[in-house]
Structure formats: structure tokens, C-alpha cells
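Results of the structural survey
Here are the chains, one letter per residue:
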Amino acid sequence: SQAAWCELPSRVLLVLTSQRGVQMYEADGSTMVFWHALDVPELLAAHSVFARGIAAAGGRFICVGTSFGAVLVFDIPPKGTNVTLSEVLEQHRDPITDIAAEQGQAPDGAGDLVTADDSGTLCLWSSGEEFTLLGKIPGSGCTCSSVALWNGIVAAGYGNGQIRLWEAGSGRIRAQVSAHARWIYALDLAPLTGKLLSGAEDSFVHVWKLSRNPDTDDIEMQHCHAECVTDTQVCGARFCDPAGDTFAVTGYDLSEILCY
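What you see is a predicted model, and the numbers here were worked out from it, not measured in a lab.

As for the pattern of salt bridges
- Taken as a whole and judged by the stated rule, the model has 10 salt bridges.
- Where Asp-118 meets Arg-52, a salt bridge forms, and the shortest distance between an N and an O atom there is 4.0 Å. Note that Asp-118 is positioned in the loop between β10 (113-117) and β11 (122-126) and Arg-52 in strand β5 (residues 51-57), a separation of 66 residues in sequence.
- Taking the shortest distance from any N to any O, the salt bridge between Glu-167 and Arg-174 comes out at 2.3 Å.
- For Glu-167, a relative accessible area of 11% translates into the label buried.
- Assessed through its relative accessible area of 24%, Arg-174 is described here as partly exposed.
- One salt-bridge network, in which partners are shared between bridges, spans Glu-167, Arg-174, Arg-212, Asp-217 and Asp-218.

Structure follows, in C-alpha cells:
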């Protein structure tokens, strides 16, 4: 269901999630380093089971979400295959949709990890030997399909086409934009510039710029560019470089990746 390169200081792993569990490979896909099968609680035996949401955090951990609302925290050694499940974070009641780690410089007390679920609930965490829950932003019944975290700003995309910006330290909402006409499927952030990419079912891809006003510390969001991918329900969108000068897009029934 998902694939992501997780960059840790000592190594890069390719992490895949599926209905069966979590696979970790060396960055070139040549060697499987670790396999974790999903342990299905009896209460959920009749439900669809899957892993979704991948993020590297805290310098040595990889976090993966599950359909039963748990976040699995794997401790990754500098080399070798001795990966261990060090912790399970159980604050969500709904399937995890996305996980994001801090990509800039977090302000004091802001935490460095955010997890999102099907009900729109967001949990803010501080990583470490034990992960600490710093705050919870309750959902409004609309799925939060994608999240990003940059300089203490949480950017969240929702099923109703909105993008909301939250303060990672206090959990306060700072901005809300009706960005798309339909479900947002992808958000990505360029860490060097604060550019935000959003792709949705309405066939549009938008580029925004996030910033903090140095005088007031307000979070500001500026629209930079819109691209229509004709007759395509956009389901994937990513920047191709840390500055956000190029991005790639794909759609549901598209066998191509379009680069802009």
C-alpha cells in the first residue's frame, strides 16, 4: 500500500507496507533486512488489516501505522538485521492514514512526529528512548489523509479538500484553506524552502509556500502554482528535490509518472 525511503544518520532503508505487514530492504532493494507480520487482534478479525504511514524519527527509529490504530516503533541498528519492535503507540482509535517527522527545526516543546487517522485525529509526539505524547488534536469526522511537519508547523490534508495548518507545540489551528474540490491524497514538503505540494481527486496539483512572519510569529500560506493533470484523479505527488524546484505526479489509472 505504500513505499518510502527512510533516511537515518547511519543508513537508508526502503520500507514497504501491505495487508500482510511491514518489509524493510536495503536502499537499493537488493536485500530484505526485516519482515514484520501484522498481529491481528481477535476483535478486528473481520476487518480489513493493513499497514500504512511510514516515517523515520529520532535518528534511529522507523514508525509504521496500522489499520487498528497502533503505531509500531522499530529500533534500527547502524548496520545488520537486528531490527526490534521497541514500542507500540496506542492513542488512535481509527486506522492510521499517515505519519510525518519534523523536516526542519522544531521550536522548543513542539515535538518531532505527527500521526493522523481516518477520523481526522492528529497526535503530536516527541521521539526518544520512549515516545512521549505531547498533544492530541481531535478529528471533526473528516479523514486526514496526509500530513507534513516543518519548523513546528503541521500541515494536514483532508477528505473534504481542505488544508489546515496547526501549531505543533500548542495544537492551535493557524490557517485553513479550501485547497481542492475533492479528496486530497498527497501532501509533500520541501524542507529547504517550506514549499508544500498538494494533489487531489479533482485532478489539480497545487504548490504553496509556508512561512512564519518574523514580527508576529504568525504562520502564513501563499499560493504559488496550480497544475491541472487532465482527466486524472491524482493519487500521488512528491517533490523531487529538497528545494521543491521539481515535482512528480501520478494518478489512479495512470501507468506513468509526470514530472514538472
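What follows picks up the thread again.
A short note on the sheet that holds β10
- A sheet is described by the order of its strands in space; here four strands give the open sequence β9-β10-β11-β12, paired in antiparallel fashion. The two strands at the open ends of the sheet, each matched to only one other strand, are β9 (96-101) and β12 (132-137). Strand-to-strand twist in this sheet, taken as the mean axis angle between neighbours without regard to direction, amounts to 20°.
- As paired strands, β10 and β11 are joined by four bridges and run antiparallel to one another. Across the sheet, residue Thr-115 finds its bridge partner in β11, namely Cys-123.

Considering the domain arrangement of the chain
- According to the domain assignment, the chain consists of domain 1 (1-65 + 74-90) and domain 2 (95-259).
- Computed from C-alpha coordinates alone, the two centres of domain 1 and domain 2 are separated by 22 Å.
- Interface area for domain 1 against domain 2, summed over the two sides, is near 1200 Å², with a carbon-plus-sulfur share of 62%.
- It is Arg-52, Glu-87 and Leu-89 that lose the most area in domain 1 upon contact with domain 2, and together they represent 36% of the buried surface on that side.
- At the surface where domain 1 touches domain 2, the tally comes to two salt bridges.
- Connecting domain 1 to domain 2 are four residue pairs in polar contact (both at pLDDT 80 or more).
- Put simply, the parts of the chain that give the side of domain 1 that touches domain 2 at least two residues each are β5, β6 (61-66) and β8 (84-89).
- Considering every element that reaches the side of domain 1 that touches domain 2, the biggest residue donor is β5, with six residues.
- Looking at the side of domain 1 that touches domain 2, its residues break down into nine nonpolar, four polar and three charged.

Regarding the packing of aromatic side chains
- A complete count under the given rule lists five aromatic pairs for this structure.
- Considering the side-chain rings of Phe-61 and Phe-131, the 5.4 Å spacing of their centres and the 75° angle between planes classify their relative orientation as edge-to-face. Taken together, the residues Phe-61 in strand β6 and Phe-131 in the loop between β11 and β12 connect sequence positions 70 residues apart.
- For Phe-131, a relative accessible area of 7% gives the class buried.

Reading the values: rules and limits
Residues numbered from 1 in each chain as written. Predicted model: local features only at pLDDT ≥ 70, side-chain atom pairs only at ≥ 80, totals over all residues. Heavy atoms only, no water. Salt bridge = Lys/Arg side-chain N within 4 Å of Asp/Glu carboxyl O. Helix = DSSP H or I, 4+ residues; strand = E, 2+ residues; numbered from the N terminus. Buried < 20%, exposed > 50% of the residue type's maximum accessible area, 1.4 Å probe, protein only. Pairing = 2+ DSSP bridges. Axes fitted to C-alpha atoms, helices over the stretch in contact; angles between N-to-C directions. Domains from an automatic or database assignment. Buried area = accessible area lost by both parts, 1.4 Å probe. Polar contact = N/O pair within 3.5 Å; in protein donor to acceptor, adjacent residues only side chain to side chain. Nonpolar A, V, L, I, M, F, W, Y, C, P; charged D, E, K, R; others polar. Phe/Tyr/Trp six-rings, centres within 6.5 Å; stacked < 30°, edge-to-face > 60°.

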